[in-house]
Amino acid sequence: MGVFILKRLLSAVPVLFMVAVIVFLVLRLSPGDPAVMIAGPNATPDQLAALRDAMGLNEPLLTQLFVWLGQILSGDFGVSLVSGQPVTHLIMDRFGPTLSLSIVTLIIAVVVAIPLGVVAAWQQGKLLDRLVMAGSVLGFSVPVFIIGYTMILIFARILGWFPVQGYKPLSDGFGEFAIRLVLPAVSLSFPYIALIARIVRTNVIEVMNEDYIRTARAKGLTERGVLMGHALGNAAVPIITIIGVSIAMLIGGVVVTESVFNIPGLGRLVLEAVLARDYTVIQSVILLFSTIYVFINLVVDLLYSLFDPRIRY
Amino acid sequence: MTTPTLTEPSVPAQDLPEMTTVPETGTVKATLRAVFSTWAARISLIVVVLIVAMALLAPWLGTQDPVQIAPGERLQGSSLAHFLGTDSYGRDVYSRVAYGARISLAVGAGTVVISVLLGIFFGVLTGYFRWADLIVMRFMDGLMAIPGILLAIALVAISGATLTTVLIAIAVPEIPRVARMVRAVILGVRTEPYVEAATCLGTGIWAMVWRHLLPSTLAPLLVQGTYIFASAIMTESILSFLGAGIPPETPSWGNMMAEGRVYFLLKPELILYPGVMVSLTVLSVNMLGDVLRDQLDPRMAKRL
């Protein structure tokens, strides 16, 4: 097991290296001169040349890449080109809201989706199943911001149950924190509920055809016992995988949801950075999100082999 | 031969007895039949056809100039002059919705073409020419690890908002998925007897790829292409909504929703009309994808 974990950990290194190379290339090879952006449109050619020199933009591309990689490995992510603050500070400031939103969304998604999927599998082909499946295609096809705005319209504007937008950290009290997270988390959870419910349904149906399910029924176990005890447990591996995939996919949804609900998280940070062309912030946040993605996939792989010892790569 | 139905397989029963219970899958005829067999698929197909028709016939559907600004007629409600009212610049919302279908469908089709062509290229490269596998697939792994929407936002913001950059930005994150699928299929068939036979006969590389390897990727590509089409329309609307999409003056559904944000509490329909169109399009294309997948890719259908 130890060797296996080590092997998987090591296999993440080339992927992360490639991510860094791609991010670097995307930012450096696109038209647009970072020096012009920092110095502003009124800078003289001499000033620009000096700035380029100071930023190392005149070095060969490969040298620039390795200098940058060296800085990252030593924990130096640079300073924001716009505000001059260290990027690590900016990320730390914005991490809390994004983490809270992601965790609450995921909890809602899992808690709603698993029962839905199990019920659909149990009622396979009947009305309830069809409703769940139809709902799941729908949840997947409506843009998150449309769901978000509709939620605001109904529950904040018309019914007045929740605040329209905004975010309060947990330190301002749990009630204040929670009430502002409900609408964004519920809106964001829709596509993940759809995705997870679908996978749960398929895998539970598959397991329900196994011999041990027939045995469990034959020995007089209730239908609920069969579903919860035997079917769901044995369908766990693909379900864990899809939850892992969902966490990775959440990252994209977070950017949109934070924008709709005015939540000052990492998604808003990267959006602000992109609109201001703040290269150092963009590359750091993308790198961070990609690292999280690779790490989650790693954890999923390890859980996989924990639940199903037959799987070893 | 009579038209085959589900209970009457096109293959004579005495030749293949087991086919009497298993509906035939994978052929063009069976696929078409399946597309028309359920009401959900039929409705999806009709909706897609209607949206395509709306895009093609936009100028003749009682529309006005979708970019004509009329400051005196801002934010009007529905009327005979403006079926769906006007937006904050006084432009006719109905006309913009109709013309917006053109942009969305173009983005969907363009993304499919770019990502499928490049995906086939890299998939064949890594699947058949094994020396390329290590480097290219590591690169693809890296590309897949970057959240697509972030990569797209960054690409658009940095290279400037044009239809071309938006297309590339949406297509690039899809390439590794296509490449992986093509690679997997080719790895599966390259040891098949017919491929080995072709090798023994001295078949050239291009004939081999074109005649013997690519045909087996066609069915899964069709399924994946359908999903990419739907997801591209979704991504375009998200990019425009976030302010990193095609130029704001273009009448696209994403841009309409982005402009409607400011007036959302005042006039929510400015976001909801184009939102419903995006959802309808994505929904029906996805449903068609599901039907195709069930028919063409039974292995994958079992997994999802």
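Residues numbered from 1 in each chain as written. Chains lettered and ligands numbered in written order. Predicted model: local features only at pLDDT ≥ 70, side-chain atom pairs only at ≥ 80, totals over all residues. Heavy atoms only, no water.

- Per an unreviewed UniProt entry, chain B carries the name ABC transporter permease and comes from Antarcticimicrobium sediminis.
- Heading Sequence similarities (unreviewed entry) of the UniProt record for chain B holds this comment: "Belongs to the binding-protein-dependent transport system permease family."
- In the Subcellular location (unreviewed entry) part of its UniProt record, chain B is described as follows: "Cell membrane". (UniProt positions renumbered as here; feature names shortened; annotations may be inferred.)

- If you check an unreviewed UniProt entry, chain A appears there as ABC transporter permease from Antarcticimicrobium sediminis.
- In the Sequence similarities (unreviewed entry) part of its UniProt record, chain A is described as follows: "Belongs to the binding-protein-dependent transport system permease family."

### A short note on the overall build of chain B
Thinking step 1. What chain B contains, in helices and strands, is 13 helices and zero strands.
Thinking step 2. Tracing chain B from N to C terminus, the helices and strands come up as α-α-α-α-α-α-α-α-α-α-α-α-α.
Thinking step 3. Within chain B, the fraction of its 304 residues that count as buried is 52%.
Thinking step 4. Considering only contacts in chain B between residues 6 or more positions apart, those separated by 24 or more positions represent 67%. (Helix = DSSP H or I, 4+ residues; strand = E, 2+ residues; numbered from the N terminus. Buried < 20%, exposed > 50% of the residue type's maximum accessible area, 1.4 Å probe, protein only. Contact = heavy atoms within 4.5 Å.)

### Some remarks on the interface of chain A and chain B
Thinking step 1. With 45 residues of chain A in contact, the opposing surface of chain B contributes 45 residues.
Thinking step 2. With both chains or domains summed, chain A and chain B bury close to 4000 Å², and 77% of this area falls on carbon and sulfur atoms.
Thinking step 3. Interface area lost by chain A to chain B is led by A:Ile22, A:Phe145 and A:Tyr149, which between them contribute 15%.
Thinking step 4. Counting the contacts that link chain A with chain B gives one salt bridge.
Thinking step 5. Counting across the interface, chain A meets chain B through four residue pairs in polar contact (both at pLDDT 80 or more).
Thinking step 6. Here the side of chain A that touches chain B takes eight residues from helix H1 (residues 2-29) of chain A, the largest share from any one element.
Thinking step 7. Looking at the side of chain A that touches chain B residue by residue, the classes come out as 34 nonpolar, seven polar and four charged. (Buried area = accessible area lost by both parts, 1.4 Å probe. Salt bridge = Lys/Arg side-chain N within 4 Å of Asp/Glu carboxyl O. Polar contact = N/O pair within 3.5 Å; in protein donor to acceptor, adjacent residues only side chain to side chain. Nonpolar A, V, L, I, M, F, W, Y, C, P; charged D, E, K, R; others polar.)

### Brief notes about the UniProt feature "transmembrane region" (unreviewed entry) in chain B
All names here are of chain B.
Thinking step 1. The positions that UniProt labels "transmembrane region" (unreviewed entry) are, in the present scheme, residues 39-61, 103-129, 149-173 and 271-292.
Thinking step 2. As a span, residues 103-129 carries 96% helix and 0% strand, and end to end its C-alpha atoms are 38 Å apart.
Thinking step 3. Its end C-alpha atoms 32 Å apart, residues 271-292 is made of 100% helix and 0% strand.

### As for the UniProt feature "transmembrane region" (unreviewed entry) in chain A
All names here are of chain A.
Thinking step 1. Here the UniProt feature "transmembrane region" (unreviewed entry) sits at residues 9-27, 99-122, 134-158, 178-200, 235-261 and 281-307.
Thinking step 2. Here residues 9-27 runs as 100% helix and 0% strand, with 28 Å between its end C-alpha atoms.
Thinking step 3. Taken end to end, residues 281-307 is 100% helix and 0% strand, and its two terminal C-alpha atoms sit 39 Å from one another.

### Examining the packing of aromatic side chains
Thinking step 1. Tallied over the full model, the rule gives five aromatic pairs over all chains.
Thinking step 2. On the basis of an interplanar angle of 5° and a centroid distance of 4.0 Å, the ring pair of A:Phe145 and B:Phe241 is categorised as stacked. You can see A:Phe145 sitting in helix H7 (residues 144-158) and its partner B:Phe241 sitting in helix H10 (residues 218-241), one on each of two chains. Considered together, A:Phe145 and B:Phe241 belong to a single accessibility category, that of buried residues.
Thinking step 3. Counting every residue linked through ring pairs, the aromatic cluster contains A:Phe145, A:Tyr149 and B:Phe241.
Thinking step 4. The aromatic ring of B:Phe241 is capped on one face by B:Arg261, whose charged end is 4.4 Å from the ring centroid. (Phe/Tyr/Trp six-rings, centres within 6.5 Å; stacked < 30°, edge-to-face > 60°. Lys NZ or Arg CZ within 6 Å of the ring centre and 35° of its normal.)

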